[in-house]
Amino acid sequence: MKSQDIRKQFLQFFESKGHLIVPSAPIVLKDDPTLMFNNSGMAQFKEYFLGNGTPKSQRIADTQKCLRVSGKHNDLEDVGFDTYHHTMFEMLGNWSFGDYFKKEAIDWAWEFLTEVLKLDKDRLYVSVFEGNPSENVPFDQEAYDLWKQYVSEDRIIKGNKKDNFWEMGDQGPCGPCSEIHIDLRTDAERAAVSGFSLVNADHPQVVEIWNNVFMEFNRKADGSLEKLPAQHVDTGMGFERLCMAMQHVTSNYDTDVFTPLIEKVEQITGLKYTSNEVKNISEEQNKTNIAIRVVVDHVRAVAFAIADGQLPSNTGAGYVIRRILRRAIRYGFTFLGTKEPFINKLVEVLANQMGEFFPEIKSQQQLVTNVIREEEASFLRTLEQGLQLLDKVVAETSGKEVSGAKAFELYDTFGFPIDLTALILREKGYDLDEAGFNVAMQEQKARSRAASEVSTEDWNVLIPGNIETFVGYDKTENEVKITRIRKVDSKKDGVLYQIVLDNTPFYPEGGGQVGDKGTLVSANETIEIIDTKKENNLILHFAKQLPENIEAGFVAKVNTDLRTSTSKNHSATHLMHLALRNILGTHVEQKGSLVNPNYLRFDFSHFSKVSDEELRQIETSVNAQIEAQLQLVEHRNIPIKEALDKGAMALFGEKYGDNVRMIEFGDSKELCGGIHVKNTADIWHFKIVSEGAVAAGIRRIEAITGDAVKDFYTSQENTLAEIKEVLKNPQDVLKSVTSLQDDNAKLKKQLEQLVKEKIEGLKNTLVADFQEINGIQFLAKQVDLSMSSTKDLAQAIGTSKPNAFVFLASIEDNAPNIHCYISKELVAEKGLNAGNVIRELGKLIDGNGGGQPFFASGKGKNVDGIKEALEKVFDFVK
């Protein structure tokens, strides 16, 4: 059975059991500060498990894109080395929110696997939670008894807390789970060793395919458990593993989920992948297999993340995506011989393969391809640079072991992979101080953990129930009561308090717009609100202190100055988006934004630089919409289909509900939850301040509105006045500056001629100072020239004599520089190397440098070191 058919059958089965089928949430989470990525099927439903929201149905089923590469669930380093771990994987899930519980979950799991898919019952094992007396959680007798009707007791494993108690995190909903495992070994292997003993033992052919989590507890901050008010079912089934079982293979990579991608890699590299059925392969073939598995797994994760709006970058979720892609690139570089970008060529195969169920990968195919290609080219250049730096490290190493600290510097600063470092060092006959590297790595991780460490206390619920309401579209001031509070302590921000209100006017950070700031005012005190965010459907107000009387009545007051400036920038973003599509083309799509009181930042898809003329047209278009005094038309809560039919733009990577908010300003129509001006005239004016590239096919515009534009023009006027004063207040400033530039160009030409004459004069003088040492024409001098002129002089003198060894030093801007020229015949016959000379003597001037064996240059900080360098250089020719 093909993978597409397996997916369809699962969804159709649970639809027949009264489940609402919902689409996969984006793989990148934008409105959950506790997670970067969807790492499990339940992530998009957290608010329902926590009781902070009401699901559209009590029974839901879906297939969810998941990514596990950071934090508690980190499978990255396993990927490629085995046949069943992945970075991105699909989780088929059925969910019950306070509806059915253990009986239905177990009955339907067995029915689907054995009656619909007709898996061999004799190959299936199940597990139940053995209990934990220390937490007062008993053995799951109910699940055990339910399973006895389907399997014999010698196929029911009693699992411990590690294997059979699922938790969302250190705090939150959790409960015992019951897993289903399948034994895919041959009959002979099964007869020799029971599958029972191999369950949860990391055997590649005895794997978990289904997990029923029975959510019935809440883990508190002190580690204790309390009963949830309702019981839920969280079911997950590994799609790739199920395909392995259904297609009668013993590796996920031998299923049609991966074989099309593998075939494309084989075509590109000319190498062959051997299936898991082939035994006793060579070490070389095993390395090839691992590398191909890494590449085809990682391209899926990276491609879907980019399609959902997460570009590779150096921070946060973007860094994780870049790290995954770079791991694939260097496996290709090291083991597949790929020295040019090639992973981007797999995107078309992926889009054709998965576009039916995940249309975003098809619609964003060109963008994803371009971004990956640019990332590949960039990292391949980094690898080349790293190879040169590694050569330098080796040259500076005494003995045959390279410092682990140096290797970590290459890894940490330049992104050069440690396993590639070790491989190259072995080829050169060197060992790597792995212990030293691990120490440096652990120290960095400890620093990172300490910086991001957060402890969160339990909620103190003052008013029970889900009663929170957002009133910020209509009000900036409102009478409120505090419904719950909790304390949060982090190394970064110190002690803060999160406050939830019953009716809040504060807008929480989301959709690119920053959260509101303001105050909570009671009869006796004022509490400053420093930020507002949303987590699991709760609007959290951050404060550095709590009110003395938390049960008092308060007036919540938004800082209207900041709110007004932010709303101008947000509305201008919508107007600019329309202008970009009208002027550049309808291929333009929003790929990210930031809206705060000071400026707006907008990332969008476009495959070339926006010209100055196009930027002027965009500014003119936006300002025309401002001058047209377009009234805000807000559709507060309309069906998403109706909004799309009206022409509203929906953004890829955003999660929309059945009902949405639609914002209109004339022809600008977008789905948006943010704060906007009532009329475009309120924006006053729009000014673009910068435009540039973010990634391949992604441009970024930064712009300002309102008072910021006034300040901008005031600053420009002041600068012009200062220029006039410097130029002695000419009537025509432009003419005066042009004349100044012409004079400067003439003087520059005269100076260049004088320098040339000076170099020629020095050359004629210094040629007479050569000394012959061991058959080498040797010269070492300090000269009074710029760095570039000293370099030219060294080459000119060196080429004037055979067997020349020239070493010149000079000082420019109080920084020493050194240059070495060695005739090619000396390089060949005597093994002299200018690069080694510069690297060694560069230490004396607190600098570094390098180059080719016949010419090299360096720059440093210690001027006093020149004298010693001129003395030491004699050692190279003695």
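Located above this text is the structure these notes cover.
In this text, all values refer to a predicted model and were calculated from it rather than measured experimentally.

Definitions and cut-offs
- Residues numbered from 1 in each chain as written.
- Predicted model: local features only at pLDDT ≥ 70, side-chain atom pairs only at ≥ 80, totals over all residues.
- Heavy atoms only, no water.
- Helix = DSSP H or I, 4+ residues; strand = E, 2+ residues; numbered from the N terminus.
- Buried < 20%, exposed > 50% of the residue type's maximum accessible area, 1.4 Å probe, protein only.
- Pairing = 2+ DSSP bridges.
- Axes fitted to C-alpha atoms, helices over the stretch in contact; angles between N-to-C directions.
- Contact = heavy atoms within 4.5 Å.
- Parallel < 35°, antiparallel > 145°, perpendicular 65-115°, else oblique.
- Left-handed = near helix turned anticlockwise from the far one by under 90°.
- Nonpolar A, V, L, I, M, F, W, Y, C, P; charged D, E, K, R; others polar.
- Core = buried A, V, L, I, M, F, W, Y, C linked by side-chain atoms within 4.5 Å.

### Regarding unusual backbone geometry
Okay, step 1: A positive phi angle, near 50°, is found at Q629, a position not held by glycine.
Okay, step 2: Residue position: Q629 is located in the loop between α18 (612-627) and β28 (633-639).
Okay, step 3: Relative accessible area serves as the criterion here: at 53%, Q629 is assigned to the exposed category.
Okay, step 4: Even without being a glycine, D846 presents a positive backbone phi close to 55°.
Okay, step 5: Tracing the chain through its elements places D846 in the loop between α24 (834-842) and β37 (848-852).
Okay, step 6: Judged by its relative accessible area of 48%, D846 falls in the partly exposed class.

### A closer look at the sheet that holds β37
Okay, step 1: The strand order β33-β34-β35-β36-β38-β37 describes an open sheet built from 6 strands, whose pairing is mixed. Edge strands, defined here as strands with exactly one partner in the open sheet, are β33 (771-773) and β37. Strand after strand, the sheet turns through a mean of 20° between neighbouring axes, direction not considered.
Okay, step 2: In the packing of α24 onto the sheet, contacts are made with β35 (804-812), β36 (815-822), β37 and β38 (855-859), and the angle to β36 comes to roughly 155°.
Okay, step 3: Along the sheet, helix α25 (residues 865-872) contacts β34 (776-782), β35 and β36; its crossing angle with β35, the most-contacted strand, is approximately 180°.

### Details of the sheet that holds strand β29 (residues 659-665)
Okay, step 1: Spatially, the 3 strands line up as an open sheet ordered β28-β29-β30, and their pairing is antiparallel. Bordering the open sheet on either side are β28 and β30 (668-671), each of which pairs with just one other strand. If you compare each strand with its neighbour and ignore which way they point, the axes differ by 20° on average.
Okay, step 2: Relative to β30, β29 runs antiparallel, the two being bridged by 4 bridges. Note on β30: the bridge partner recorded for I663 is E670.
Okay, step 3: Contacting β29 and β30, helix α17 (residues 560-584) runs over the sheet at an angle of about 115° to β30.

### Considering the environment of E760
Okay, step 1: Positionally, E760 belongs in helix α21 (residues 733-767).
Okay, step 2: E760 sits in the partly exposed class, given a relative accessible area of 41%.
Okay, step 3: Here the alpha-carbon distance between E760 and S57, two residues 703 residues apart in the chain, equals 87 Å.

### Focus on the pairing of strand β9 (residues 172-183)
Okay, step 1: Taking burial as the measure, the 12 residues of β9 include 12 buried ones, the bulk of the element.
Okay, step 2: Across 3 bridges, strand β8 (residues 165-167) lies against β9 in antiparallel orientation. Within β9, the position partnered with W166 by the bridge is G175.
Okay, step 3: Linkage of β8 to β9, two consecutive antiparallel strands, is achieved through a turn of 4 residues.

### A closer look at the packing of helix α1 (residues 3-16) against helix α3 (residues 102-116)
Okay, step 1: Between α1 and α3, the least distance of the axes is 11 Å, while the angle of their chain directions is 130°. What the angle tells us is that α1 and α3 run oblique. Here the hand of the crossing between α1 and α3 comes out right-handed. Residues Q9, F10, F13 and F14 of α1 touch α3, and the partners they reach there are W108, E111, F112 and V116.
Okay, step 2: Taken together, the residues of the contact of α1 with α3 break down into 6 nonpolar, 1 polar and 1 charged.

### Digging into the nonpolar core
Okay, step 1: Counting 120 residues, the largest nonpolar core has L113, W210 and L242 as its most contacted members.
Okay, step 2: Counting residues per element, this core draws most heavily on helix α9 (residues 283-307), which supplies 14 residues.
Okay, step 3: Apart from residues lying up to four places away in sequence, L113 is in contact with K118, L119, I180, I209, W210, M237 and L242.
Okay, step 4: Counting 25 residues, the second-largest nonpolar core is a separate cluster that includes M576, L580, V610 and V622.

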